[in-house]
Amino acid sequence: MAYLSKETLQAMGFKYLGNDVKISDRASIYNPGVIEVGDYSRIDDFCIVSGKVKIGKYCHITPMCLVAGGSPGVTISDFCTLAYGVKVFSQSDDYTGSSMVNSLIPTKYKNEFFSEVVLEKQVVVGAGSTIFPGVTIREGCSIGAMTLVNKSTNPWGIYVGNPARRIKDRKRDLLELEAQFLKEQNE
C-alpha cells in the first residue's frame, strides 16, 4: 500500500488535515473541502470517504470501508477503528415504494432520510458491519462483525446481530492504556 504524499494531501484541499495523516493512493476521497482528518489517522486501500466527514485523532479506517457523510455528516471521534468493509450512511432513500429512489432521480420525486452519525471515542466497528443514519455509537462500544446498527447504543457495550443488541459490558481498561499512550507521545 502506498500513501499519498503530504504535498498531495495538502493540494487536495481538505477542510482540515492533521499531522502525519496517511491516506492510501487507492482510496477515493470526494468533497475534501468538507472533510476533516485528525492527527495520526489513516485511511486504507479501496475506501470511499465522501461528504461532510470529521475523523478524529488516531483513527483507522481499514480497507474497503465506505463513510458516506452526505450533508448531515459523519463524526468519527478519537481512537476509533472501522474494520474491513464497514459502511456508514448519514442518508438513505425511502424503500417503501412511496417515492422513487437512486441518485439519478430529482429530489422532488424522492423521500430521503438525512441524519448525522456519530461514533464517540474508543469505538471499534467489526468487519462487514453497517451503521444507519441517525445513529450515535456511544463511547467505548464494540460492534461485532456483520452487525446492523439501526439505533443508538449506550456507552461501553458490546453489540452484535441484525439488528444490533447489547450482549455485555465492555471493559474500560483501555482508558488507562490510552492515558499512558498519550503521556508517552507527549514526552
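Below or above, wherever it landed, is the structure these notes cover. (Residues numbered from 1 in each chain as written. Predicted model: local features only at pLDDT ≥ 70, side-chain atom pairs only at ≥ 80, totals over all residues. Heavy atoms only, no water.)

**Remarks on the overall build of the chain**
Next up, step 1: Counting secondary structure elements, the chain contains 2 helices and 22 strands.
Next up, step 2: A compact globule built from 187 residues would reach a C-alpha radius of gyration of about 16 Å, and the chain, at 17 Å, matches this within 12%.
Next up, step 3: When the backbone C-alpha atoms are referred to their principal axes, the chain occupies close to 60 × 45 × 25 Å.
Next up, step 4: Looking at the chain residue by residue over its 187 residues, the buried ones come to 43%.
Next up, step 5: Expressed as a percentage of contacts within the chain between residues at least 6 apart in sequence, the contacts between residues at least 24 apart total 18%.
Next up, step 6: Carbon and sulfur atoms make up 51% of the accessible area of the chain, which totals about 10100 Å².
Next up, step 7: Taking the average place of the 21 positive charges on the side chains of the chain and the average place of its 20 negative ones, the gap between the two points comes to 5 Å. (Helix = DSSP H or I, 4+ residues; strand = E, 2+ residues; numbered from the N terminus. Rg over C-alpha atoms; globule rule 2.2 N^0.38 Å. Buried < 20%, exposed > 50% of the residue type's maximum accessible area, 1.4 Å probe, protein only. Contact = heavy atoms within 4.5 Å. Areas by Shrake-Rupley, 256 points an atom, 1.4 Å probe, with all protein chains shown as cover. Lys, Arg positive; Asp, Glu negative; His and termini not counted. Charge placed at Lys NZ, Arg CZ, Asp CG, Glu CD.)

**Things to note about the side chain of Asp94**
Next up, step 1: Summarising the element assignment, Asp94 is placed in the loop between β13 (91-92) and β14 (113-114).
Next up, step 2: One buried charge, Asp94, has no salt-bridge partner; the nearest side chain with opposite charge is Lys110, at 11 Å.
Next up, step 3: A polar side-chain atom of Asp94 sits 2.9 Å from a polar atom in the side chain of Ser98.
Next up, step 4: A distance of 3.0 Å separates a polar atom in the side chain of Asp94 from a polar atom in the side chain of Asn111.
Next up, step 5: Not counting the four nearest positions on each side in its chain, Asp94 is found in contact with Ser99, Val101 and Asn111. (Salt bridge = Lys/Arg side-chain N within 4 Å of Asp/Glu carboxyl O. Polar contact = N/O pair within 3.5 Å; in protein donor to acceptor, adjacent residues only side chain to side chain.)

**Description of the sheet that holds strand β17 (residues 130-131)**
Next up, step 1: Spatially, the 6 strands line up as an open sheet ordered β3-β6-β9-β12-β17-β20, and their pairing is parallel. Each end of this open sheet is capped by a strand with a single partner; those strands are β3 (28-30) and β20 (148-149).
Next up, step 2: For strand β9 (residues 66-68) and strand β12 (residues 87-89), the ladder comprises 3 bridges, and the chain directions are parallel. The residue bridging Leu66 from the neighbouring strand is Lys87, located in β12. (Pairing = 2+ DSSP bridges.)

**Comments concerning the pattern of salt bridges**
Side chains that differ in sign of charge can pair as their charged atoms come close.
Next up, step 1: For the structure shown, the criterion picks out 8 salt bridges.
Next up, step 2: Between Asp169 and Arg166 there is a salt bridge; the shortest N-O distance is 2.7 Å.
Next up, step 3: The exposed category is assigned to Asp169, whose relative accessible area is 57%.
Next up, step 4: Arg166 gets classed as partly exposed once you look at its relative accessible area, which sits at 33%.

**A few points about the packing of aromatic side chains**
Next up, step 1: A complete count under the given rule lists 4 aromatic pairs for this structure.
Next up, step 2: Ring centres of Tyr58 and Phe181 lie 5.0 Å apart, and the angle between their planes is 80°; on these two criteria the pair is classed as edge-to-face. Of this pair, Tyr58 sits in the loop between β7 (53-55) and β8 (60-61) while Phe181 sits in helix α2 (residues 173-186), and the two are 123 residues apart along the sequence.
Next up, step 3: Three or more aromatic residues joined by ring pairs form one cluster here, namely Tyr40, Tyr58, Phe79 and Phe181. (Phe/Tyr/Trp six-rings, centres within 6.5 Å; stacked < 30°, edge-to-face > 60°.)

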